[in-house]
Amino acid sequence: MHSNMVGKNIQNLIPYAPGKPVEEVERELGIRNSIKLASNENPLGPSPLAMEAVAAHLGKAHLYPDGGAFYLRNKIASTLGVTPDRVMAGNGSNDVIEILAHTLLMPGDHGLMSYGAFAIYKIICQGMDREFTEVPMVENQWKTDVDALLGAIHSRTKMIFLPNPNNPTGTYLNKDEMDRLIRGVPKETIVVLDEAYTEYVTAGDYADGMTYIDDHPNVVVCRTFSKAYGLAGLRCGYAVGSPQLINFCNRIRQPFNVSALAQVAAVAALDDREFISKSHNLNKNELKAMHESLTSMGLEVIPSQANFLMVRMGEPCQSVFDWLLRHGIIVRPLNKSYGMDDCIRITIGTSAENKALIEAMGKYLDERAKGA
Ligand SMILES: *Cc1c(COP(=O)(O)O)cnc(C)c1O
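Notes on the structure follow. (Residues numbered from 1 in each chain as written. Predicted model: local features only at pLDDT ≥ 70, side-chain atom pairs only at ≥ 80, totals over all residues. Heavy atoms only, no water.)

## So, the site of the ligand
Then step 1. Near the ligand you find Gly92, Ser93, Asn94, Phe118, Asn167, Asp194, Ala196, Tyr197, Thr224, Ser226, Lys227 and Arg235, and these make up its full shell.
Then step 2. Backbone polar atom of Ser93 to an oxygen atom of the ligand: 2.6 Å apart, as the coordinates give it.
Then step 3. Contacts to the ligand include Asp194, whose side-chain N or O atom sits 2.6 Å from a nitrogen atom.
Then step 4. Burial of the ligand by the protein chains amounts to 94% of its free accessible area of 390 Å².
Then step 5. The cavity where the ligand resides is the largest pocket.
Then step 6. Partitioned by chemical class, the residues of the shell around the ligand number three nonpolar, six polar and three charged. (Near = heavy atom within 4 Å. Polar contact = N/O pair within 3.5 Å; in protein donor to acceptor, adjacent residues only side chain to side chain. Areas by Shrake-Rupley, 256 points an atom, 1.4 Å probe, with all protein chains shown as cover. 1 Å grid on protein atoms, 1.4 Å probe; cavity = no way out; pocket = protein on both sides within 12 Å on 5 of 7 lines; lining within 4 Å. Sits in = over half its atoms within 2 Å of the grid points. Nonpolar A, V, L, I, M, F, W, Y, C, P; charged D, E, K, R; others polar.)

As structure tokens, then:
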């Protein structure tokens, strides 16, 4: 085929750069037991209650899933104290975000996000050939700039993509900032509040998106089972918004977008409060320790409310990435998908994994200092 058989928007799309499978990296480098701190997965594994539920359901894998995700939507609704007609489930929250974009972004409409926000929003807009703007973050803080977003809204701005906390920076908007943003957005502009890391947040002034949806039908909150619930491989996420918006989204959603196993796992995981609090507490302690250790090595570490840290290396990030990889530790370089050439993102692992990372980073920095 000729490349001009697809649109310029797709020809020019920089693909999301997924890491290689761990097994493949190990085979190539001749190493074993490598530590993956690259994808913000839960180091404790999946929710145990979810694993039990999946095992019990495997014998029904020949049946199509419930296309209405009845039990899952009811469970999410009762957990959050909303009506089920406000809830849509998806094949991960990325699916939910894409369904929202396909529902809302008409030809000529405009999407808005921060430069340095989660990369999927841009891929979705560009893939649909919709105009979008990326406004800079607050300088040196790597944080969403409320005024820059408000200032970039125009008459065709239909969607604002707002991750809180943001990936890959880990920064968040507090309640005052979020109030100001939501107050300033026209009613005809939908704010997609992507709260993939909400279970990890410790800041007392965090703005829980659910507190906005009653008074602001243009706010839709997206959450996921991929992070704190430990179910990234099963793919399940959801949106909570106005019944009318959810109803429209349901018209274009693929009827079986959430697998049967993902549905039963997610229902069970929502009851696994013990696992969630264990995950939250582990992350809280380890995040703090990791931040302090990396800072004491002289690295610039961005304060995070999520289960990862963004670190500035003061040099092109490929060097530390390659070095750590050869030593069995996989982190995420942010040069390709994010254009942050000197930054890596490190997922918070178990205590032992984090110790290994800190030790390796120390060695790397020593070698770098000697080489210089
Ligand atoms: C990980 C992540 C998601 C979740 O993606 P899933 O499709 O649910 O696995 C969504 N938004 C952000 C900002 C993320 O980092």
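## Topic: the pairing of strand β10 (residues 308-312)
Then step 1. Summarising burial for β10: four of the five residues are buried, a large majority.
Then step 2. Here strand β9 (residues 300-302) runs beside β10; their pairing, made up of three bridges, is antiparallel. In the strand pairing of β10, Val301 is matched with Val311.
Then step 3. A loop of five residues connects β9 with β10, the two strands running antiparallel in sequence.
Then step 4. Here β10 runs beside strand β13 (residues 343-347); their pairing, made up of five bridges, is antiparallel. Among the inter-strand pairings, Phe308 is bridged to a residue of β13, identified as Thr347. (Buried < 20%, exposed > 50% of the residue type's maximum accessible area, 1.4 Å probe, protein only. Helix = DSSP H or I, 4+ residues; strand = E, 2+ residues; numbered from the N terminus. Pairing = 2+ DSSP bridges.)

This is a description of form; function is not addressed.
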